[in-house]
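Examination of the molecular architecture
Here is how the chains run, residue by residue.
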Amino acid sequence: MIGQFDHLMKITDRPSAVMVRGAGSWIWDRDGRRYLDFVQGWAVNSLGHSPRVVLDALVAQGEQLINCSPAYYNEPMGRLAALLAGTSGLDQVFLCNSGAEANEGAIKLARKWGARHRAGAHEIVTMHGGFHGRTLATMAASGKAGWDALFPPVVPGFRKVPLGNIGAVADAITPRTVAVMLEPIQGEAGVFEAGDDHLRALRALTAERGILLIVDEIQTGIGRTGRFFGYQHAGIEPDIVTVGKGLGGGVPLAALVAAERVCCFEPGDQGGTFNGNPLMAGVGCAVVETVRQPSFLQAVVARGAYLTDRLRTLAEQLGHGEVRGRGLLQALELRGMDAKKVSATALDHGLLVNAPRPDTLRFMPALTVTREEIDEMIARLRASLD
């Protein structure tokens, strides 16, 4: 007998639970079981499951205009572009559907800029352990182990260096180099921070060498670290920033944001059928307007500090390792346990957590998570570790 999901391509190992409803930090399967969600679609549901602000934006915009093609202006696309430019300190915005698409656009923009302003330079220095998406170019840009053997031939033009090593970056820059690209925190690698000092050093180095600095904020942007963008902790201004995941609060939405001095796309260079559609852009406006409020970001800082404290206490009590991360993107290093098995056991205890590497659990709750929900997560995690 053919099962309900047998026609889906198997791209990941999924548990048997079928999710049907979500509210805030909680999600329910079709058997009525409730789970505390500290994955939130890999940091996608920035305001939790089905938040009122997103539902209201969908309804309001859906009653007016859903799609008119990117060949025409629509009001939400202009409003969202202005919000992202104002919040980032940059100038121009390309709206798209996913983080990989935004990063692909950043690579294209950098290469075109290099063709025009740096004698055809096209190489980009990226980081070991980095993750920039699953298109052929963004996979090549990523430093995920084993990816260089998938889908050959690999797109050329990316030189990898260790995260945090400014000397290695300097040595990797040649006349062919057009940019340095990195995440402020490597989420998929296990939540490793580049560090504010390193970001400042990179900004100084790239400016000195006349190349671009591209900051991938797909996972760290939209308030995840307690500032609207992760790079803002370092007080720098990149040339290009990419944002996605939490920007749509659960709907597919991403953006490439760049300084005017870098923007050199011409009509026909870049596009996409659904890019900048009013329905998704309307949601993005509602999310940005919510998250950028100082009181909201202050609350994220407080919740992040509380999560850090509770995780460190648990680690000390049970003999596990360090707690890494910033704001509400954190990781716990396990000792003597398989993180994937712990994640599966946590599911049995009604808790969703992610295992990005064999010794690490990652926590990406809604930015609206409460202290009580953090306490409940710790209790369920303790039961899973025991």
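See the structure shown above.
No experiment lies behind these values; they were computed from the predicted model shown.

Regarding its fold elements, the chain presents 11 helices and 17 strands. Across its three principal directions, the C-alpha atoms of the chain cover 60 × 50 × 50 Å. Here the chain holds 386 residues, and the buried ones make up 54% of them. For the chain, restricting intrachain contacts to residue pairs at least 6 apart in sequence, the fraction spanning at least 24 positions comes to 71%. As displayed, the chain offers around 17,000 Å² of accessible surface, 53% of which is attributable to carbon and sulfur atoms.

Here Pro152 and Pro153 are connected by a cis peptide whose omega angle stands at 0 degrees. On the secondary structure map, Pro153 appears in the loop between α5 (136–141) and β6 (158–161). Of note in this structure, Ala119 is not a glycine but carries a positive phi near 55 degrees. According to the relative accessible area criterion, Ala119 is exposed, its value standing at 84%. Even without glycine at this site, Phe151 takes up a positive phi of about 50 degrees.

In this section: the pattern of salt bridges. Applying the stated rule across the entire model yields 17 salt bridges. The shortest N-O distance in the salt bridge between Arg261 and Asp239 comes to 2.8 Å. A residue pair is termed long-range when its members are at least 10 positions apart, and Arg261 in the loop between β12 (254–258) and α8 (278–291) and Asp239 in the loop between β10 (212–216) and β11 (240–243) qualify at 22 residues. Salt bridges sharing common partners tie together Lys112, Arg116, Glu266 and Asp269.

Moving on, we get to the sheet that holds strand β14 (residues 329–333). The strand order across the open sheet built from 4 strands is β13-β14-β17-β16, with neighbouring strands paired in antiparallel fashion. Among the strands making up the open sheet, the edge pair consists of β13 (323–326) and β16 (354–357). Strand-to-strand twist across the sheet, computed as the mean angle between neighbouring axes with direction ignored, equals 25 degrees. In terms of strand pairing, β13 meets β14 through 4 bridges, oriented antiparallel. In the sheet register, Arg326 faces β14, and the bridge partner there is Leu329. On the sheet, helix α9 (residues 294–318) packs against β13, β14 and β17 (360–363) and is oriented at approximately 5 degrees with respect to β14.

What follows concerns the sheet that holds β12. In spatial order, the strands read β4-β12-β11-β10-β7-β5-β6; together these 7 strands make up an open sheet with mixed pairing. Bordering the open sheet on either side are β4 (92–96) and β6, each of which pairs with just one other strand. Ignoring strand direction, the axes of neighbouring strands in this sheet form an average angle of 20 degrees. Relative to β6, strand β5 (residues 123–127) runs parallel, the two sharing 4 bridges. Bridged to Thr126 within β6 is Lys160.

On the secondary structure map, His320 appears in the loop between α9 and β13. Not counting residues within four places of it along the chain, the set of residues in contact with His320 comprises Ala315, Leu332, Glu333, Leu334, Arg335, Met337 and Leu385.

About the thresholds
Here the residue index of a chain counts from 1 through its sequence in written order. Two thresholds apply to this predicted model, a pLDDT of at least 70 for residue-level local features and 80 or more for giving and counting side-chain atom pairs, whereas whole-chain, interface and lining totals are computed over all residues. Only heavy atoms go into the side-chain values, all of them from the structure, while hydrogens and water stay out. Where helices and strands are cited, they refer to DSSP runs of H or I of at least four residues and of E of at least two residues respectively, numbered from the N terminus. Exposure categories follow from relative accessible area, calculated using a 1.4 Å probe and restricted to protein chains: below 20% of the type maximum is buried, above 50% is exposed, and the middle band is partly exposed. Residues count as neighbours in contact if any of their non-hydrogen atoms are within 4.5 Å of one another. Only the protein chains shown count as cover for residues, and all accessible areas are computed by the Shrake-Rupley method using a 1.4 Å probe. Definition used for salt bridges: Asp or Glu carboxyl oxygen within 4 Å of a side-chain nitrogen of Lys or Arg. Here, strands pair whenever DSSP counts at least two bridges between them. Lines are fitted to the C-alpha atoms to define the axes, a helix being fitted only along its stretch in contact, and any angle between axes, read from their N-to-C directions, falls within 0 to 180 degrees.

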